[in-house]
Amino acid sequence: MSEQTAHTAVPRVIAVEDNPADVRLMEEGVAAAGVELALTVYNSGRTAADQLRAIDADVPGDHPDLILLDLNLPGTSGLELLTLVRTETPFQDVPVVIISSSESRDDINRVYEHAANAYITKPADPDNYIDMIDATIDFWITTATHSPTNE
């Protein structure tokens, strides 16, 4: 197994969420997915932006395989962070799924205009939230085929 393959054996998911209750539900949803992965959670857009910029372009194994992004974040917004991912990072092709409580058509259209891969409205019921994260992980990590530049 090559050094690069060793780094990519466990998918990396970055979640950017400022609500501790939603973070807990995300963690439970990831656990329910039954897939071994490395989950990193940032609780502010600014922290996530700094960390995403710091990922080395020459180490593809350090790139995330999926980004779960809340739209309404303190400091740097989810939309600003999505724009940063798509324009200022070495992993523009990484799927970004917006998970937001907003049902605004303007918000939904805006994130798709900035190249989000999906927009999901946060379920109010905790069990449904866990199931939604489980399904999101299942699709984007185990089912979807990604660009070879992310391997």
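Worth saying up front: this structure is predicted, and the values here are computed from it rather than measured.

**Details of the overall build of the chain**
In terms of helices and strands, the chain carries six helices and five strands. In the chain, which comprises 151 residues, the share counted as buried stands at 44%. If you take every contact in the chain between residues at least 6 apart in sequence, the share linking residues at least 24 apart comes to 71%. About 7,500 Å² of surface is accessible on the chain, with carbon and sulfur atoms providing 46% of the total.

**Details of the nonpolar core**
Core analysis: the biggest nonpolar cluster contains 24 residues, and Leu52, Ile67, Leu69, Leu81, Leu82, Ile98 and Val111 have the highest contact counts within it. The set of elements that each furnish at least two residues to this core consists of strand S1 (12-16), helix H3 (45-54), strand S3 (66-69), helix H4 (78-88), strand S4 (96-100) and helix H5 (105-113). The biggest single contributor to this core is H4, with five residues. Ala15, Met26, Ile130 and Ala144 belong to the second-largest nonpolar core, a separate cluster that totals 20 residues.

**Let's talk about the sheet that holds S3**
Strand-to-strand pairing in sheets goes through backbone hydrogen bonds, with the strands running parallel or antiparallel. Here we have five strands laid out as an open sheet, ordered S2-S1-S3-S4-S5, and parallel in their pairing. Edge positions in the sheet fall to strand S2 (38-42) and strand S5 (118-121), since each of these pairs with one other strand and no more. Mean inter-strand twist for the sheet, computed between neighbouring axes without regard to direction, equals 20°. Bridge analysis of S1 against S3 gives four bridges, and the strand direction is parallel. Looking across to S3, one finds that isoleucine 14 is bridged to isoleucine 67. Across the face of the sheet, helix H2 (residues 20-33) comes into contact with S1, S2, S3 and S4 while running at roughly 170° to S2.

**Quick notes on the pairing of S2**
Here is the key point about a regular strand: its side chains alternate between the two faces of the sheet. Across five bridges, S1 lies against S2 in parallel orientation. Residue arginine 12 lies in a different strand from S2, and its bridge partner there is alanine 38. Taken together, S1, H2 and S2 form a β-α-β motif whose crossover is right-handed.

**A closer look at helix H6 (residues 126-143)**
Taking 1.5 Å per residue, 18 residues should reach 26 Å; H6 reaches 24 Å between its end C-alpha atoms and fits that length. Those residues of H6 that sit buried are Tyr129, Ile130, Met132, Ile133, Thr136, Ile137, Trp140 and Ile141. Along the long axis of H6, the arc covered by the buried residues comes to 160°, so they all point the same way. Against the buried residues of H6 lie S1, H2, S3, S4 and S5. Looking at where H6 begins, the residue whose side-chain oxygen comes 3.0 Å from the main-chain nitrogen of aspartate 127 is aspartate 125.

Calculation rules
- Residues numbered from 1 in each chain as written.
- Predicted model: local features only at pLDDT ≥ 70, side-chain atom pairs only at ≥ 80, totals over all residues.
- Heavy atoms only, no water.
- Helix = DSSP H or I, 4+ residues; strand = E, 2+ residues; numbered from the N terminus.
- Buried < 20%, exposed > 50% of the residue type's maximum accessible area, 1.4 Å probe, protein only.
- Contact = heavy atoms within 4.5 Å.
- Areas by Shrake-Rupley, 256 points an atom, 1.4 Å probe, with all protein chains shown as cover.
- Core = buried A, V, L, I, M, F, W, Y, C linked by side-chain atoms within 4.5 Å.
- Pairing = 2+ DSSP bridges.
- Axes fitted to C-alpha atoms, helices over the stretch in contact; angles between N-to-C directions.
- Right-handed = clockwise from strand over helix to strand, strands pointing away.
- Expected span 1.5 Å × (residues − 1).
- Arc of directions from axis to C-beta.
- Polar contact = N/O pair within 3.5 Å; in protein donor to acceptor, adjacent residues only side chain to side chain.

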